[in-house]
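Chain by chain, the residues:
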Amino acid sequence: MLDLVLNKRKLSVKLSVKATISVLLVVMAVGLPQIAHAVGGVKAGSVWMPMYMPALLAGILLGWQWGLGVGILSPVISYGFTTLALGSAMPNLQRLPYMILEIGAYGLISGLFSKQVQKTPALAFPVVIGAQLSGRAIYLIYNLIAGKSFAYLWSSIQTSLVGLYAQAILVPAIAIVLCMVLKHEQKSE
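The shown structure was predicted, so the numbers you read here are calculated from the model rather than taken from an experiment.

Quick notes on the rules
- Residues numbered from 1 in each chain as written.
- Predicted model: local features only at pLDDT ≥ 70, side-chain atom pairs only at ≥ 80, totals over all residues.
- Heavy atoms only, no water.
- Helix = DSSP H or I, 4+ residues; strand = E, 2+ residues; numbered from the N terminus.
- Buried < 20%, exposed > 50% of the residue type's maximum accessible area, 1.4 Å probe, protein only.
- Lys, Arg positive; Asp, Glu negative; His and termini not counted.
- Charge placed at Lys NZ, Arg CZ, Asp CG, Glu CD.
- Salt bridge = Lys/Arg side-chain N within 4 Å of Asp/Glu carboxyl O.
- 1 Å grid on protein atoms, 1.4 Å probe; cavity = no way out; pocket = protein on both sides within 12 Å on 5 of 7 lines; lining within 4 Å.
- Points joined across faces, edges and corners; volume = space filled by probe spheres on them.
- Nonpolar A, V, L, I, M, F, W, Y, C, P; charged D, E, K, R; others polar.

## Some thoughts on the overall build of the chain
When helices and strands are counted, the chain shows 10 helices and zero strands. In the chain, the order of α-helices and β-strands from amino to carboxyl end is α-α-α-α-α-α-α-α-α-α. Expressed as a percentage of its 189 residues, the buried residues of the chain come to 41%. Between the averaged position of the 13 positive side-chain charges in the chain and that of its 4 negative side-chain charges there is a distance of 5 Å.

Following this line, the structure appears as structure tokens:
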């Protein structure tokens, strides 16, 4: 989506802008869970899934490669940072593999449709929902293979519905507003 304004720029400028935004989104993905847990307690992460939103935004705004990168790096960097700085890993090592896969899928799937969202911003709603369904399917499959019970996993998915619903509204709304701003910016140039 940012390609609207970056099209006339040099490749190095495009990469610098996208890399900077990606870093900011990874920082957001590391910081939001800390805030959620500080405000809402231990369960807040499972309910609101705050680490997932930046990957969805990265995909829609920057494309699939950047969305996938933000999705993979977010839990890895969060794990490293919270282990070293706080002495308490978040996510814990047991959850890290499926979170890498799941959040990576969020960024990848939302990013695959970045150009379509750029043309028709309202498509952000089904794109985000599709990315969420794909990511949650990966979560379910991975954990079933790992031996978790379906009842436990289904309960976990139900717990996250509040966060999924909130992100299914918030992320497309952000994308639509940004698209309008970027289109206005493009016309101004």
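## Focus: the pattern of salt bridges
Counted by the stated rule, this structure contains one salt bridge. Note that Arg136 is salt-bridged to Glu102, the shortest N-O span being 2.7 Å. A residue pair is termed long-range when its members are at least 10 positions apart, and Arg136 in helix α8 (residues 124-145) and Glu102 in helix α6 (residues 96-112) qualify at 34 residues. When sorted by exposure, Arg136 lands in the same class as Glu102, which is buried.

## Topic: the layout of surface pockets
As a volume, the largest pocket reaches approximately 690 Å³. What lines the largest pocket is a set of 28 residues, and nearest its centre among them are Gly45, Ser46, Arg95, Tyr98 and Ser156. When contributions to the lining of the largest pocket are tallied by element, the ones reaching two or more residues are α2 (11-40), α3 (44-48), α6, α8 and α9 (150-159). By residue number, the principal contributor to the lining of the largest pocket is α9, which donates four residues. Size it by volume and the second largest pocket reaches roughly 220 Å³. Around the second largest pocket, the lining residues are Ile129, Gln132, Leu133, Arg136, Ala137, Leu140, Trp154, Ile157, Leu161, Leu164, Tyr165 and Ala168. If you list the elements that add at least two residues to the lining of the second largest pocket, you get α8, α9 and α10 (161-188). Tallying contributions element by element places α8 first for the lining of the second largest pocket, with six residues. Here the lining of the second largest pocket is composed, by residue class, of 10 nonpolar, one polar and one charged.

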